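Observations on the model geometry
Residues per chain, in single letters:
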Amino acid sequence: MRTIDWVGGAIELIDQTLLPDELVKLRITTVDELVDAIRRLAVRGAPALGVAGAFGVVLADGDRKAIARLRAARPTAANLAWGVDQAAAHLEEGRKAVLARAKRIRDEDIAACVAMGERGADLLEGDRLRVMTICNTGALATVERGTALGVIQTLHERGRLAEVLALETRPLLQGARLTAWELERMGAPYRLVADSAGPYLLAKGGVDAVLIGADRIAANGDTANKIGSYSLALGAERAGVPFIVVAPETTIDAATPSGEHIEVEDRGDDEVVNVRGVRIAPEGARALNPAFDVTPHDLISAIVTDRRVFRP
Ligand SMILES: CSC[C@@H](O)[C@@H](O)C(=O)COP(=O)(O)O
């Protein structure tokens with residue numbers, strides 16, 4: 001099953017806001033519907049956003065304003081603007097050429113995830129690995145298989161996975177709702193942990209590697225990823241645990257020199273003061289809600305892409 005695809009002249013994607021309770025596919029036929037799906041995280045994860053952006057240009061039918069709206073729907077994941085630009089570069093050649101480029105981006109993403117899974121699993125040493133991860137970097141964040149969770153799936157398929165510690169990932173619980181759902185379907189052993197338990201569990205020595213994805217990697221290796229990644233990087237360094245970023249080359253933004261230039265999306269108060277529609281803070285409570293943080297390159301042991309391994 002693909003997270004996102006082009007089916008019968010429209011985008012078909014899994015509505016991730018309904019997981020793990022319901023597995024429902026949305027059929028998207030306009031750019032406005034797609035922008036709405038991206039903003040409310042029905043489709044999410046950097047590589048999946050790249051594919052969504054590319055197919056979205058087909059739906060835009062040459063409307064430059066609609067393409068600009070789509071490109072700006074979420075600012076941090078490099079892949080969204082990249083996918084839009086790649087497809088839009090073929091606008092002069094007509095709709096067929098735009099659709100062909102978008103389909104190639106989808107197919108390249110599938111191949112990239114297979115390559116990252118193998119390269120990441122080859123890089124790790126040991127036979128009974130206990131790994132920690134945050135957010136969701138699985139098939140749901142790509143077209144198939146995923147990035148960091150793709151490495152974990154490959155380890156599981158090779159019989160080398162002892163356990164995954166998956167951070168629940170407040171405020172939107174991508175770890176609890178999506179990663180746990182994917183690990184269940186894989187039949188992989190896992191336990192969920194509260195985000196604040198991450199660095200303590202690293203310090204206690206129960207983890208062999210931290211594997212995360214990336215939303216944007218600056219030219220110097222500084223990496224934006226889901227909020228909470230930075231505290232895991234600090235905890236991993238202190239504990240001497242490898243901290244590994246797994247992302248396709250399409251997430252590398254060579255035009256951004258370092259992390260301080262990365263725009264971090266602020267998603268507003270509601271997601272923090274409410275959990276799945278239930279208010280948990282007093283009326284009038286305000287919140288800060290950065291969706292991502294930036295891990296400096298010196299805290300990263302390796303960046304595994306579909307083509308190579310960087311050691312910053
Ligand atoms: C393979 S996905 C890499 C990242 O996009 C992922 O770790 C992440 O932070 C996603 O954030 P989200 O806000 O759910 O789109």
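Since we're looking at a predicted model, the values are computed, not measured.

Focus: the sheet that holds strand β9 (residues 223–226)
Spatially, β11-β8-β9-β14 is the arrangement adopted by the four strands of the open sheet, whose pairing is mixed. What marks the edges here is a single partner per strand, and that holds for β11 (252–253) and β14 (292–295). Bridge count for β9 against β14 is four bridges, and the pairing is antiparallel. Its bridge partner being in β14, Ala 224 is matched across the sheet by Val 294. Across the sheet, helix α9 (residues 229–239) lies against β9 and β14, angled at about 30° from β14, the strand it touches most.

Here's the deal with the UniProt feature "active site" (unreviewed entry) in the protein
Here the UniProt-annotated "active site" (unreviewed entry) positions come out as Asp 215. Mapped onto the elements of the fold, Asp 215 is located in the loop between β7 (209–212) and β8 (216–218). Of the residues examined, Asp 215 has 29 C-beta atoms within 10 Å and is grouped as buried.

Comments concerning the nonpolar core
If you look at the biggest cluster of nonpolar residues, it comprises 92 residues, and the most contacted ones within it are Leu 34, Ala 52, Val 57, Val 210 and Leu 211. Counting residues per element, this core draws most heavily on helix α2 (residues 46–60), at 11 residues. Structurally, this core is a two-domain feature, drawing no fewer than three residues from each of domain 1 (4–111) and domain 2 (113–310).

Comments concerning the pairing of β9
The pairing of β8 with β9 spans two bridges and is classified as antiparallel. Among the inter-strand pairings, Arg 216 is bridged to a residue of β9, identified as Ala 224. A loop of four residues connects β8 with β9, the two strands running antiparallel in sequence, and Gly 221 in this loop sits at a positive phi of about 95°.

Quick word on the UniProt feature "binding site: substrate" (unreviewed entry) in the protein
Mapped onto this structure's residue numbering, the UniProt feature "binding site: substrate" (unreviewed entry) falls at Arg 44, Gly 45, Ala 46, Arg 74, Gln 174, Asn 225 and Lys 226. Within the secondary structure layout, Ala 46 lies in helix α2. Residue Ala 46 is classed as buried on the basis of its C-beta count, with 29 C-beta atoms lying within 10 Å. Residue contacts for Ala 46: discarding those within four places in its chain leaves Ala 77, Ala 78, Asn 79, Gly 213, Ala 214, Asp 215 and Thr 251. Positionally, Asn 225 belongs in strand β9. Overall, Asn 225 belongs to the buried group, with 29 C-beta atoms counted inside 10 Å. With residues near it in sequence (within four places) discarded, Asn 225 still touches Ile 212, Gly 213, Ala 214, Asp 215, Phe 292 and Thr 295.

Scoring rules and cut-offs
Residues numbered from 1 in each chain as written. Predicted model: local features only at pLDDT ≥ 70, side-chain atom pairs only at ≥ 80, totals over all residues. Pairing = 2+ DSSP bridges. Helix = DSSP H or I, 4+ residues; strand = E, 2+ residues; numbered from the N terminus. Contact = placed C-beta atoms within 7 Å. Axes fitted to C-alpha atoms, helices over the stretch in contact; angles between N-to-C directions. UniProt positions renumbered as here; feature names shortened; annotations may be inferred. Buried ≥ 20, exposed ≤ 12 C-beta atoms within 10 Å, placed from the backbone. Core = buried A, V, L, I, M, F, W, Y, C linked by C-beta atoms within 7 Å. Domains from an automatic or database assignment.

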